[in-house]
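The residues making up each chain are set out below.
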Amino acid sequence: MEHIKLGLKENLKQFTLLVIVNGFVGGMVGLERSILPEIAEKDFAIAAKTAILSFIIVFGIVKAITNYYTGTLADKFGRKKLLVAGWLVAIPVPFILMFASSWNWIIAANILLGINQGLAWSSTVVMKIDLVGEKQRGLAMGINEFAGYIAVALVAFLTGWIAGEYGLRPYPFYTGIVLVILGLFVSIFLIKDTRHHVAKEATTNIIPRLKNIFWDTTWKNKNLGTVTQAGLINNLNDGMAWGIFPILLASKGFSINEIGIVTAVYPAVWGIGQLFTGAMADKFCKKDMLYMGMFLQAIALIVLIWANTMLHFVLLSSVLGWGTAMVYPTFLATIAENTNPQDRAKSIGIFRLWRDLGYAIGAILTGIIADLISINASIIFIGLLTFASAFIILYRMKCRKDGSLKIWDWVTIKTNDMQ
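Described below are features of the structure shown in this document.

The rules behind these values
Every chain's residues receive numbers from 1 upward, in the order its sequence appears when written. The predicted nature of this model means local features are confined to residues of pLDDT at least 70 and side-chain atom pairs, given and counted, to a pLDDT of 80 or more, with totals for whole chains, interfaces and linings taken over all residues. Hydrogens and water molecules were not included; the side-chain quantities draw on all heavy atoms of the structure. Throughout this description, the term salt bridge denotes a Lys or Arg side-chain nitrogen within 4 Å of a carboxyl oxygen of Asp or Glu. For every element, the axis is a line fit to its C-alpha atoms; helices are fit only across the contacting stretch, and the angle between N-to-C directions ranges from 0 to 180 degrees. Elements are defined by DSSP. Helices are runs of H or I of four residues or more, strands are runs of E of two residues or more, and each kind is numbered from the N terminus. Throughout this description, any angle smaller than 35 degrees is read as roughly parallel, any larger than 145 degrees as roughly antiparallel, any in the 65 to 115 degree range as roughly perpendicular, and the remainder as oblique. Contacts were defined at the residue level, with two residues in contact if any of their heavy atoms lie within 4.5 Å. Each residue is assigned to one of three groups, with Ala, Val, Leu, Ile, Met, Phe, Trp, Tyr, Cys and Pro labelled nonpolar, Asp, Glu, Lys and Arg labelled charged, and all others, Gly among them, labelled polar. Note on ring pairs: Phe, Tyr and Trp rings are taken, using the six-membered ring of Trp, and paired if centres are within 6.5 Å. Classes follow the plane angle, with under 30 degrees stacked, over 60 edge-to-face and the rest tilted. Burial classification: accessible surface area is computed with a 1.4 Å probe over protein chains only, and a residue below 20% of its type maximum counts as buried, one above 50% as exposed, and the rest as partly exposed. By definition here, charges over rings are those cases where NZ of Lys or CZ of Arg is within 6 Å of the ring centre and within 35 degrees of the ring normal. Put simply, a patch holds well-exposed residues, over 30% relative accessible area, that have no salt bridge, with like charges counted together within 9 Å and Val, Leu, Ile, Met, Phe, Trp or Tyr side chains within 5 Å. Only the protein chains shown count as covering a residue, and every accessible area follows the Shrake-Rupley method with a 1.4 Å probe. Here the nonpolar core consists of buried residues drawn from Ala, Val, Leu, Ile, Met, Phe, Trp, Tyr and Cys, with membership extended through side-chain atoms lying within 4.5 Å.

Observations regarding the pattern of salt bridges
Throughout the structure, instances matching the rule amount to 12 salt bridges. Each of the salt bridges in this network shares a partner with another, and the network as a whole consists of Lys 63, Arg 355 and Asp 356.

Structure follows, in structure tokens:
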């Protein structure tokens, strides 16, 4: 235990390897991001929005449940074993997507993809938090989520481009075979478990254990519960963006290549933005970061219904991406900050259970409202829910008195200095 040190610099090699692995994990989601709704319509003649979005619904539910069990099993079996298991489950996914003869096969691939994401992404998140200790959690989560979502964006763009040049199947999914091989190799041979780091931090941490981890994380604890509802609403609007953006853009006459660009801009800004917002979460009050991020998302979504040109969609996707970047690493850093190290894996698992159920709820709500009324009505409804979430953060959360700056105070100080 003596030789175990906590910190980003002290564990740079393992941290970097985990960042690379999470890039491969994110890439697996990017496989479907820009082309699956098109495959539904062209290869399987599915027209109803609810049916097209069924792959997101299944993915969200399976990933959410897997997140919950990953949190519990991480303490029992160790983080590394779950990471490797996540990659083993992913092996059939690209092959099913390539050769699926019916939409049910696509659903089956998304069940496996949900398990892969729940096990592998959750493991890399918890392992990075274990390694860095208390000081740089926001930065650690920013780098982690940057790697994951920039990979989502790059692979979404790549598969959109390959589909435009060579057809919807099978070529875009060859990328997935490469990702699985690399992810599995690095996880088995290069990643080390982090349970000793948890034990080390537990000796100095003064945060009391939670009485009922599930209910405290879900709602009862004001800071944890507020983060959990915001996570659910955030992924609810991401589930809508994932499913509805390609359909909305196609209805306005955009080509598959243009759809690939727009659907890549949002996760790209979200991904790159987290390199900055993660470090900001270590400096500024996390409540301010979360409130402003959700507020920006709400504005971007509501204005979206008036967008017509490529420029409009790229700008609004960028605002939506920046708003999401402000909240994503901050969610995980806030959970870590408000839990004892021995509760942390479970608490993060419960948060991610609710957060990723947002994918399924978002896709169901979006599909039903789009089919019954219109796509625009579904976008406005999700935008208003996001506004409501921002106000819950404003009124329910508290800033920790640990020297973190209020964003508005910081802006005022800088303005006065300039004068």
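Still to come is the rest of the account.
Concerning the packing of helix H10 (residues 195-202) against helix H16 (residues 341-372)
Interaxial distance between H10 and H16 falls to 8 Å at its minimum, and their mutual angle equals 125°. Classed by the angle they form, the pair H10 and H16 counts as oblique. Contacts between H10 and H16 involve Val 198, Glu 201 and Ala 202 on the former and, on the latter, Pro 341, Gln 342 and Arg 344. Class assignment of the residues belonging to the contact of H10 with H16 gives a composition of 3 nonpolar, 1 polar and 2 charged.

Some thoughts on the environment of Met 141
Examined against the element boundaries, Met 141 turns out to sit in helix H8 (residues 137-166). Met 141 sits 11 residues away from Asp 130 along the chain, and the two C-alpha atoms are 11 Å apart. Excluding its chain neighbours within four sequence positions, the residues that come into contact with Met 141 are Val 125, Lys 128, Ile 129, Pro 329, Leu 332 and Ala 333.

Details of the packing of aromatic side chains
Applying the stated criterion to the full structure yields 24 aromatic pairs. Relative to Phe 313, the ring of Phe 254 has its centre 5.7 Å away and its plane inclined at 85°; by these criteria the two rings are edge-to-face. In this pair, Phe 254 sits in the loop between helix H12 (222-251) and helix H13 (256-283) while Phe 313 sits in helix H15 (residues 310-337), placing the two residues 59 residues apart along the sequence. Take Phe 254 and Phe 313: they sit in the same class, and that class is buried. Ring pairing ties together the aromatic residues Trp 121, Tyr 149, Phe 245, Tyr 266, Trp 270, Tyr 328, Phe 331 and Phe 351, which thus form one cluster. Cation over ring: Lys 63 sits above Trp 121, and NZ or CZ is 5.6 Å from the ring centre.

A short note on a nonpolar patch on the surface
There is a patch of nonpolar side chains on the surface, built from Phe 157, Leu 158, Trp 161, Tyr 166, Tyr 171, Tyr 174 and Ile 261 and spanning about 700 Å² of accessible area. In terms of residues, the nonpolar patch owes the most to one element, H8, which gives 4 residues. Structurally, the position occupied by Tyr 174 is in helix H9 (residues 174-189).

Some remarks on the side chain of Ser 347
Within the secondary structure, Ser 347 sits in helix H16. Owing to a relative accessible area of 0%, Ser 347 belongs among the buried residues under this scheme. Sequence-distant contacts of Ser 347, that is, excluding residues within four places in its chain, are made with Leu 210, Ile 213, Thr 217, Leu 224, Ile 335 and Thr 339.

Details of the nonpolar core
Nonpolar side chains tend toward joint burial in soluble globular proteins. Counting residues in hydrophobic clusters, the biggest one holds 118 residues, and the most contacted among them are Met 28, Trp 87 and Trp 103. With residues up to four places along the chain from it excluded, the contact list for Met 28 reads Trp 87, Ala 90, Val 93, Pro 94, Leu 113, Asn 116, Gln 117, Gly 176, Leu 179 and Val 180.

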